[in-house]
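# Survey of secondary and tertiary structure
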Amino acid sequence: MSGGDSIEERIAGVRRRIVEAARSAGRDPETVRLIAVTKTHTVATARAAVAAGLHDLGENRTDELVEKSAEVEARWHLIGRLQRNKVRDVVGRATLIHSVDRRSLVEAIARHAEARGLVQDVLIQVNVGEDPAKGGCRLAELPDLVSYAASSPGLRVVGLMTVPPLPGEGVGPAAAARPYFRALREARDALRSDHPTLEELSMGMSADLEAAVQEDATMVRIGSALFGEREEVIR
Ligand SMILES: *Cc1c(COP(=O)(O)O)cnc(C)c1O
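Residues numbered from 1 in each chain as written. Predicted model: local features only at pLDDT ≥ 70, side-chain atom pairs only at ≥ 80, totals over all residues. Heavy atoms only, no water.

## Observations concerning the packing of aromatic side chains
How we decide: Note on aromatic pairs: the rings of Phe, Tyr and Trp (six-membered ring only in Trp) are paired at centre separations within 6.5 Å, and the planes decide the class, stacked below 30 degrees, edge-to-face beyond 60, tilted for the rest. For a Lys NZ or an Arg CZ to count as sitting over a ring, it must be within 6 Å of the ring centre and within 35 degrees of the ring normal.
Overall, the coordinates contain zero aromatic pairs when judged by the stated rule. Directly above the aromatic system of tyrosine 148 lies the positively charged group of arginine 103, at a separation of 4.0 Å from the ring centroid.

Below is the structure:
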């Protein structure tokens, strides 16, 4: 934490940003869910977040999700890359898997969910900017992947997720990210007549949440604005 702000003050600050962005877009702020990204932070931090009123927590690594979800009661979201051999650990533990980006993952999730008699909610991650450092399918591959996932038993596709490329020098993060967020919204809107379950748009992080909310994000994934800076790369 920097600046000596308490977790409550930081949450209030992020909520204020969401409310202002939603109002400026004529949206109801209640339709934007705040997912607190606790990656690299301790179980104690996750617990403090829940005590302060945050009920959706996100992790980008399977092992951290498994470890913290065993200790802290919350809706846990897997927001980072998923390996096929880790699917077993996540199905049923994660409220929502945000990072499904290929058929082999759909198959593995479907298999484990079916075997356990549950339905796993997932988002399809799209690499809108075709950034080699990021996960996600290409926009061109999205309709096929959504159809494939939608026809698979054991999982329900409830929306789309993206992580935009890092902004270039001298470009504000929100302005840089907005075209990618808009493209994801348009992709969801185009797919919706065939796939009415596609409601969610998981997009927007600490630096660019305003742009995401203005483009109809239903979930923003916020780490550093709540818990302070980290020192690793986001994929
Ligand atoms: C770390 C991470 C976030 C949160 O990023 P901040 O800039 O710290 O808010 C959001 N989404 C994904 C996929 C991440 O890995």
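Text resumes after the structure shown.
## Describing the site of the ligand
Rules: Being near a molecule or strand, for a residue, means having at least one of its heavy atoms within 4 Å of it. Identification of polar contacts relies on pairs of N or O atoms within 3.5 Å, with a donor-acceptor requirement for protein atoms, meaning one able to donate a hydrogen and the other able to accept it, and with residues adjacent in sequence counted only if both atoms are side-chain atoms. Polarity classes work like this: nonpolar for Ala, Val, Leu, Ile, Met, Phe, Trp, Tyr, Cys and Pro, charged for Asp, Glu, Lys and Arg, and polar for all others, with Gly in that last group.
The full set close to the ligand counts 13 residues, and Lys39, Ser206, Gly223, Ser224 and Arg230 are the nearest of them. At 2.8 Å from an oxygen atom of the ligand is found a main-chain nitrogen or oxygen belonging to glycine 223. Between the ligand and serine 224, the relevant distance is 2.8 Å, taken from an oxygen atom to a main-chain nitrogen or oxygen of the residue. Classifying every residue of the shell around the ligand gives six nonpolar, four polar and three charged.

## Topic: unusual backbone geometry
As a reminder, the rule being used: Each helix corresponds to a stretch of at least 4 residues labelled H or I by DSSP, and each strand to a stretch of at least 2 residues labelled E; elements are numbered beginning at the N terminus.
The backbone phi angle of glutamate 130 is positive, close to 45 degrees, even though this residue is not glycine. One non-glycine residue, aspartate 216, lies in positive phi territory at about 90 degrees. Position of aspartate 216 relative to the elements: it lies in the loop between helix H8 (209-214) and strand E8 (219-222).

## With respect to helix H1 (residues 7-24)
Counting along an α-helix, one turn takes 3.6 residues, and residues three or four places apart therefore face a common direction. Threshold: In this analysis, the expected span of each helix is defined as 1.5 Å times one less than the number of residues it contains. Accessible area is worked out with a 1.4 Å probe on protein chains only. A residue is then buried under 20% of its type maximum, exposed over 50%, and partly exposed in between. When we speak of the arc, we mean the arc of directions from the helix axis to the C-beta atoms.
With 18 residues, H1 should reach 26 Å at 1.5 Å per residue; the first-to-last C-alpha distance of 26 Å fits that figure. Buried residues of H1: Ile7, Arg10, Ile11, Val14, Ile18, Ala21 and Ala22, and no others. The buried residues of H1 occupy one face: seen down the axis, they fall within an arc of 110 degrees. Exposed and facing more than 90 degrees away from the buried side of H1 are Arg16, Glu20, Arg23 and Ser24.

## A short note on the side chain of histidine 41
This is how it is decided: Throughout, a contact is declared for two residues whenever any of their heavy atoms are within 4.5 Å.
By the element assignment, histidine 41 lies in the loop between strand E1 (33-37) and helix H2 (43-51). Those residues within four positions of histidine 41 in sequence are excluded, and the remaining contacts are Glu64, Lys68, Phe227, Gly228 and Arg230.

## Structural notes on the packing of helix H5 (residues 103-115) against helix H6 (residues 142-150)
Basically, it comes down to this: To obtain each axis, a line is fitted to C-alpha atoms, and for helices this fit is confined to the stretch in contact; angles are then taken between N-to-C directions over 0 to 180 degrees. With respect to orientation, any angle under 35 degrees is reported as roughly parallel, any angle over 145 as roughly antiparallel, any angle of 65 to 115 as roughly perpendicular, and every other angle as oblique. Less than a right angle of anticlockwise turn of the near helix away from the far helix marks a crossing as left-handed, whereas a clockwise turn marks it as right-handed.
The contact between H5 and H6 brings their axes to 10 Å, and the two run at 10 degrees. Taken together, the axis directions place H5 and H6 in an arrangement best described as roughly parallel. Read as a crossing pair, H5 and H6 show a hand that is right-handed. Packed against H5, whose contacting residues are Arg103, Val106 and Glu107, the element H6 presents Leu145, Tyr148 and Ala149 at the interface. For the contact of H5 with H6, the per-class residue count stands at four nonpolar, no polar and two charged.

## Thoughts on the pattern of salt bridges
Applied cut-off: When a carboxyl oxygen of Asp or Glu lies within 4 Å of a side-chain nitrogen of Lys or Arg, that pair is called a salt bridge.
Tallied over the full model, the rule gives 18 salt bridges. Among the ionic pairs, aspartate 63 bridges to arginine 61, the shortest N-O distance being 2.7 Å. With a relative accessible area of 45%, arginine 61 lands in the partly exposed category. Note that arginine 156 is salt-bridged to aspartate 121, the shortest N-O span being 2.8 Å. Pair noted here: arginine 156 is in strand E6 (residues 155-161) and aspartate 121 is in strand E5 (residues 120-125), with a separation of 35 residues, a long-range link. Among the ionic contacts, a cluster of salt bridges with common partners joins Arg27, Arg178, Arg182, Arg185, Arg188, Asp189, Glu215 and Asp216.

## Examining the environment of isoleucine 124
By the element assignment, isoleucine 124 lies in strand E5. In this structure, the C-alpha to C-alpha distance between isoleucine 124 and threonine 162, residues 38 residues apart in sequence, is 8.6 Å. Not counting residues within four places of it along the chain, the set of residues in contact with isoleucine 124 comprises His98, Val100, Cys137, Leu142, Leu145, Val146, Ala149, Val157, Gly159, Leu160 and Met161.

## Regarding helix H7 (residues 173-191)
The condition is simple: The angle separating two fitted axes, one through the seven residues that finish at a residue and one through the seven that start at it, defines the bend at that residue.
In this model, H7 (19 residues) spans 27 Å end to end at C-alpha, consistent with the 27 Å of a helix rising 1.5 Å per residue. The sharpest bend along H7 comes to roughly 30 degrees, located at proline 179. Turning to H7, its buried residues are Ala176, Ala177, Phe181, Ala183, Leu184, Ala187, Arg188 and Leu191. Taken together, the buried residues of H7 touch H6, E6, strand E7 (200-202) and H8.

## So, the pairing of strand E4 (residues 96-100)
To be explicit about the condition: At least two DSSP bridges between two strands are required for those strands to pair. The handedness rule is simple: strands pointing away from the viewer, and a clockwise path from the first strand over the helix to the second, make the crossover right-handed.
Counting buried residues along E4, five of its five residues qualify, which places the element largely inside the surrounding structure. For strand E3 (residues 75-78) and E4, the ladder comprises two bridges, and the chain directions are parallel. Bridging across to E4, leucine 78 finds its partner in isoleucine 97. Across two bridges, E4 lies against E5 in parallel orientation. By the bridge assignment for E5, isoleucine 97 is matched with valine 122. Of the crossover connections in this fold, the one passing from E4 over H5 to the parallel E5 is right-handed.

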